Amino acid sequence: MTSSMVVPVIDVQNDNFKELWPAMVLAIKTASFIALDTVSCYIGSISVLILRCIEDRYKAICNAARTRSILSLGFACYKKLENKDDDTYLVQVYNLTLLCSEEYVIEPQSVQFLVQHGFDFNKQYAEGVPYLRGNDRGVDAHGMNMRMLFVELLRARKPLVLHNGLIDMVFLYQCFYAQLPDKLGTFTADLSQMFPAGIYDTKYATEYELRFAASYLEYAYKKCKLDNSKSIEAGGGGRHLFLEFCKYSGHLSNYVDYRPCLAGFSPDGLLNVCQRFSAYGWCPNGSQCPLSHDTDLIIQHDEKKKKRKRKRKNSSQGKVEVEGAPESKQPHMELKQDQVIPDKDTKPPPVTELVDGAQAQGPESEEKMKTKVEESNGVREPQAVSADEEIKTDKEEVENNGVSEPQPLATPDAEKKEESKRKKLEGGTHRAGFDAFMTGYIFSYAATLTERVGKPPSSESWLPECLNKVYLSGKSVPMHIVKSAFSKSFKAHLHKMDVVWGKGVVSKVEGTV
């Protein structure tokens, strides 16, 4: 059984964007890494996503990014706290509702899909933060706006973490950075300069490093939580993953949605699992499917399969299957067909979501904030952040049977408001902010697991085997984010680099297109 916790997600829209700007920029600057997710009005067709030629696949996604828009952007800033016995992170999560100020295409099936998953179009059109796509236009390069927020992300030079991130990166480039280049080689060359600390794709890590039975986001997140919880409960040696959250008080509490991550309880009776959803995290029948889409139940079934595999392995001298992955999968995409897959049964058990009880030292800046963090037997609950106070974390132990609950506000009316927020979020909707949190959790878990097997991440790379490798559907090798000797940087990119770092910084770049 996994532990329960509540994740605070700060809801950012046009009327509070400038107020929250100092807090967002400070969170970005002080993070150890930043996980990011987008919700766009583009639902990629299978025919496009599995095009054999990657160049053709890139061009098709570019065409979509030039005519469509990002509707919501989520980012989660994970700051690793030093002087801890285990890997402890202070996490701040933001969900930005956006509105493209230009005409864009949105298909009926995209609207239907997004509405089914809880996206609020009324809120987007009424309160979305405006932005323009393509190259900068006049005031875009100054002030507090989405394009400058993306510039702050680049200036921070932090590792960027995505899940199945090719579409995300193409849309981010077009919507907040510059006009997309026509060639994939130019695009990857630009990305390598934009994010010098590296880009990581947790879908790649899940498939070929963690080697889970499935790699869609919710499955990977819950599997990491389960493995971490088991490891902590077993009391084994090695490092474990713990999280701390801020608690938001005062008027800022009005901007926070608390997302419950309830412990997984499996039914006593047997339920038939939808095999399509189990494998891909998606089913064409949606909520009308008569079979179970319960991710906790799916993971429970996969765990039983693993136990049966172990029994067969111990009683047989034949071929040994790699736990948690189909026989056809390879631990590294670069391996050739005739190479041997190493035995992954020796890897230590993975990690969950608890928080230890030490104080977290928060960052300081010109715009100071104060943050209190309460500990709840493993999971630190949201406390309060104010944009003009200094962040600090204050340990306060609360024995709550291992479940941390958000602290009620001062008045009965506030309590009712808090309860309504909980009910609203318990519907299981996907939001960019929470998806970014899940992506960051998978990454931090994988990094912790790497440390536990005696290979701590170097200062240059958290997960060396996953650095600058982006998952490609239907391919046995990833897309590498590198600047080829035969590629040239895009002129719009070089101009944007002048905006980010000042003129002359990228003068050593050889050639442009």
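Everything numeric here is computed off the predicted structure, so don't read it as measured data.

What about the packing of helix α3 (residues 54-67) against helix α7 (residues 166-177)?
Viewed as axis vectors pointing N to C, α3 and α7 meet at an angle of 45 degrees, and their least axial separation amounts to 9 Å. One element, α3, and the other, α7, form an angle in the oblique class. In terms of crossing hand, the pair formed by α3 and α7 is right-handed. Across the interface between the two elements, Tyr58, Ile61, Cys62, Ala64, Ala65 and Arg66 from α3 touch Leu166, Ile167, Val170, Phe171 and Gln174 from α7.

A word on a positive patch on the surface
Positive charge collects at one region of the surface, where Lys304, Lys307, Arg308 and Lys311 lie side by side. Topologically, Lys307 is positioned in helix α12 (residues 295-314).

Looking at helix α9 (residues 202-210)
Counting buried residues along α9, nine of its nine residues qualify, which places the element largely inside the surrounding structure. If you check the start of α9, you find a side-chain oxygen 2.9 Å away from the backbone N of Lys203, and it comes from Asp201. Residue Arg211 follows α9 closely and has a positive phi angle near 60 degrees.

Details of the packing of helix α6 (residues 146-156) against α7
Packing of α6 against α7 brings their axes to within 9 Å, and their N-to-C directions diverge by 120 degrees. Considering their axes alone, α6 and α7 lie oblique with respect to each other. Seen from α6, the contacting residues are Met146, Arg147, Phe150 and Leu154; seen from α7, they are Leu172, Cys175, Phe176 and Tyr177. Here the residues of the contact of α6 with α7 sort into seven nonpolar, no polar and one charged.

Overview of the confidence of the model for the protein
For the protein, per-residue confidence averages 75 on the pLDDT scale, and 68% of positions sit at 70 or higher. The model gives residues 319-411 a pLDDT under 50, and that stretch makes 301 contacts with residues more than four places away or in other chains. Note that pLDDT drops below 50 for residues 416-428; the model gives that stretch 19 contacts with residues more than four away or on any other chain.

Comments concerning the nonpolar core
Grouped together as the largest cluster of nonpolar side chains are 83 residues, with contacts concentrated most on Leu96, Met146, Leu149 and Phe176. With nine residues, the single largest contributor to this core is α7.

Re the pattern of salt bridges
For the structure on display, the rule yields 14 salt bridges. Here Asp11 and Arg431 are joined by a salt bridge, their closest N and O atoms 3.6 Å apart. Here Asp11, found in strand β1 (residues 5-12), pairs with Arg431, found in the loop between α13 (412-425) and α14 (432-452); they are 420 residues apart in sequence, far enough to count as distant. For Arg431, a relative accessible area of 15% gives the class buried.

Observations concerning the packing of aromatic side chains
Following the criterion strictly, the structure yields 28 aromatic pairs and no others. Between Tyr131 and Phe176, the aromatic rings sit 5.1 Å apart at their centres with planes inclined by 65 degrees, giving edge-to-face as the arrangement. A residue pair is termed long-range when its members are at least 10 positions apart, and Tyr131 in strand β5 (residues 129-131) and Phe176 in helix α7 qualify at 45 residues. When the ring of Phe150 is compared with that of Tyr177, the centres are 6.2 Å apart and the planes differ by 70 degrees; the resulting orientation is edge-to-face. Of the two residues, Phe150 sits in helix α6 while Tyr177 sits in helix α7, which places them 27 residues apart along the sequence. One aromatic cluster in this structure is built from Phe33, Tyr78, Tyr89, Tyr200, Tyr221, Phe245, Phe434, Phe437, Tyr441, Phe443 and Trp462. Here the guanidinium or amino end of Arg157 rests over the ring plane of Trp501, the centre of that ring lying 4.4 Å away.

About the thresholds
Residues numbered from 1 in each chain as written. Predicted model: local features only at pLDDT ≥ 70, side-chain atom pairs only at ≥ 80, totals over all residues. Heavy atoms only, no water. Axes fitted to C-alpha atoms, helices over the stretch in contact; angles between N-to-C directions. Helix = DSSP H or I, 4+ residues; strand = E, 2+ residues; numbered from the N terminus. Parallel < 35°, antiparallel > 145°, perpendicular 65-115°, else oblique. Left-handed = near helix turned anticlockwise from the far one by under 90°. Contact = heavy atoms within 4.5 Å. Patch = residues over 30% accessible without salt bridge, like charges linked within 9 Å, V, L, I, M, F, W, Y side chains within 5 Å. Areas by Shrake-Rupley, 256 points an atom, 1.4 Å probe, with all protein chains shown as cover. Salt bridge = Lys/Arg side-chain N within 4 Å of Asp/Glu carboxyl O. Lys, Arg positive; Asp, Glu negative; His and termini not counted. Charge placed at Lys NZ, Arg CZ, Asp CG, Glu CD. Buried < 20%, exposed > 50% of the residue type's maximum accessible area, 1.4 Å probe, protein only. Polar contact = N/O pair within 3.5 Å; in protein donor to acceptor, adjacent residues only side chain to side chain. Nonpolar A, V, L, I, M, F, W, Y, C, P; charged D, E, K, R; others polar. pLDDT = per-residue confidence, 0-100. Core = buried A, V, L, I, M, F, W, Y, C linked by side-chain atoms within 4.5 Å. Phe/Tyr/Trp six-rings, centres within 6.5 Å; stacked < 30°, edge-to-face > 60°. Lys NZ or Arg CZ within 6 Å of the ring centre and 35° of its normal.

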